[in-house]
Every structure is written in C-alpha cells, then in structure tokens.
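Remarks on the overall topology
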Amino acid sequence: MAYDYDPQNVFARILRGEIPNETVLETEHSLAFHDIRGQAPLHILVIPKGPYVNFDHFAAEASAEEIVDFNKAVARVTAELGVTPGEGGAGYRLIANSGDNSHQEVPHMHFHILGGRPLGRLLVAPAD
Ligand code: AMP
C-alpha cells in the first residue's frame, strides 16, 4: 500500500514552524499541543514528527524508535496533565481518526487526548 503524504497539511506546517501551536511536550520524534478547537477541558493532540498520513501508515512504516517515542509521549502528557488513572487521575480518552469513515480532517497521524470531565459513551448515532 502506498501512502500519499501531503506536506502542506496543517500539522506539517506546525512542525516546520510556519504556523504557531501551544506546545505541551516535545520529544525527539513527537510533538504534543493543544487542539485549536478543544472539545473538552483537556484536548491535546500528539503527532509524530515523521510524515505519516494516519495510524496504519505509522504502524506499517515508522521505526520502532518512533513508535516507542510516540507512545511514551502520549503517556507523559496524560501524566503531566494529571489524568492518568494509575496515578490517581480521573481518566482520559484516546482517539485516532483514520480515513474517510472516521471523519479524519488533518492527514497527518495524530492521537487526540480528551479529558477533564466525564466524556460519556464512545459514540453517538450519526445524523441521517
Ligand atoms: P481529525 O478530525 O481527527 O483529523 O482532527 C483534527 C483536529 O485538528 C481537530 O480537532 C482540529 O480542531 C485540530 N486542528 C486543526 N488545525 C489546528 C491547528 N492549527 N492547531 C491545533 N489544532 C488544530
């Protein structure tokens, strides 16, 4: 499967410093920043610095070092923001939209971290 990465997508532009972001954490291979349209009191995006379109692209082609770095960055963000259940936090939700049915808007792999209030059930029925 060939993945077609668009280097003009908004997260690529954030990584190149062309548009600002509110950084929460930066590691060698990953960047975490506030979502510009937060949908919960806590809404952070974590992205790999590499050019991956979505989660399956990342899983297939990222190095083990990038994958470990990314996962540890997600865990560090939840810990530093105080929502990690294993450390007494109230919990959080991870979402990774991938492809058309998911309604993925930005074609650069990212996890949403949502928390800060009860989030309800995972899905609501789509509008007809
Ligand atoms: P998705 O639908 O999973 O692709 O989510 C993309 C997310 O990126 C949305 O929640 C947007 O609010 C967020 N977003 C778009 N542009 C920016 C930006 N410049 N800075 C921070 N978040 C952004």
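Presented here is a report on the structure given in the accompanying data block. Note that the structure is a prediction, hence the values are computed from the model and not measured.

What follows covers the overall build of the chain. A count of helices and strands for the chain gives three helices and five strands. Reading the chain from its N end, one meets helices and strands in the order α-β-β-β-α-α-β-β. Each of the three principal axes of the chain carries a C-alpha extent, and together these read 40 × 40 × 30 Å. Taken across its 128 residues, the chain has 38% of its residues classed as buried. Long-range contacts, defined here as pairs at least 24 residues apart, represent 54% of the contacts in the chain between residues at least 6 apart.

As a rule of thumb, nonpolar side chains are buried together in soluble globular proteins. Of all hydrophobic cores here, the largest spans 16 residues; its most connected members are Val-46 and Phe-70. Contact partners of Val-46, with chain neighbours within four places excluded, come to Leu-31, Ala-32, Phe-70, Ala-73, Val-74, Met-109, His-110, Phe-111 and Ile-113. Ranked by size, the runner-up nonpolar core spans seven residues in total, among them Phe-11, Phe-33, Ile-47 and Val-106.

Taken together, 16 residues sit near the ligand, with Asp-35, Asn-97, Glu-105, His-110 and His-112 positioned nearest. Interatomic distance of 2.5 Å between a side-chain N/O atom of Asp-35 and an oxygen atom of the ligand. Side-chain polar atom of Asn-97 to an oxygen atom of the ligand: 2.8 Å apart, as the coordinates give it. Computed on the free molecule, the ligand has an accessible area of 510 Å², of which 89% lies beneath the protein chains in the complex. Comparing atom positions with the cavity grids shows the ligand to sit within the largest pocket. Looking at the shell around the ligand, the elements that each hand over two or more residues are α1 (10-15) and β2 (30-34). Here the shell around the ligand takes three residues from α1, the largest share from any one element. Looking at side-chain class alone, the shell around the ligand contains seven nonpolar, six polar and three charged residues.

Moving on, we come to unusual backbone geometry. One non-glycine residue, His-103, lies in the positive phi region at around 70°. Position of His-103 among the secondary structure elements: in the loop between β4 (92-95) and β5 (111-115).

Cut-offs used in this document
- Numbering of residues begins from 1 in every chain and follows the order in which that chain's sequence is written.
- Only residues with pLDDT of at least 70 get local features here, since the model is predicted, and only at 80 or more are side-chain atom pairs given and counted; chain-wide, interface and lining totals rely on the full set of residues.
- Excluded from the side-chain calculation are hydrogens and water; included are all heavy atoms of the structure.
- Working definition: helices are DSSP H or I runs of at least four residues, strands are E runs of at least two. Numbering for both runs from the N terminus.
- For the exposure calls, accessible area comes from a 1.4 Å probe over protein chains only, and a residue counts as buried if that area is under 20% of its type's maximum, exposed if over 50%, partly exposed in between.
- Contacts were defined at the residue level, with two residues in contact if any of their heavy atoms lie within 4.5 Å.
- By convention a nonpolar core is built from buried Ala, Val, Leu, Ile, Met, Phe, Trp, Tyr and Cys residues, the set being connected through side-chain atoms within 4.5 Å.
- Proximity is defined per residue: any heavy atom of the residue falling within 4 Å of a molecule or strand makes that residue near it.
- The definition of a polar contact used here is a pair of N or O atoms within 3.5 Å, where within protein one atom must be able to donate a hydrogen and the other to accept one, and adjacent residues in sequence count solely through side-chain atom pairs.
- Residue-level accessible areas treat just the shown protein chains as cover; the underlying method is Shrake-Rupley with a 1.4 Å probe.
- Grid points spaced at 1 Å and placed over the protein atoms alone form the basis of the search, with a cavity being a set where a 1.4 Å probe fits but cannot get out and a pocket an open set showing protein on both sides within 12 Å along at least five of seven lines. Lining residues have an atom within 4 Å of a point.
- Any molecule with more than half of its atoms within 2 Å of a cavity's or pocket's grid points is regarded as sitting in that cavity or pocket.
- Amino acid classes used here: Ala, Val, Leu, Ile, Met, Phe, Trp, Tyr, Cys and Pro are nonpolar; Asp, Glu, Lys and Arg are charged; the rest, including Gly, are polar.

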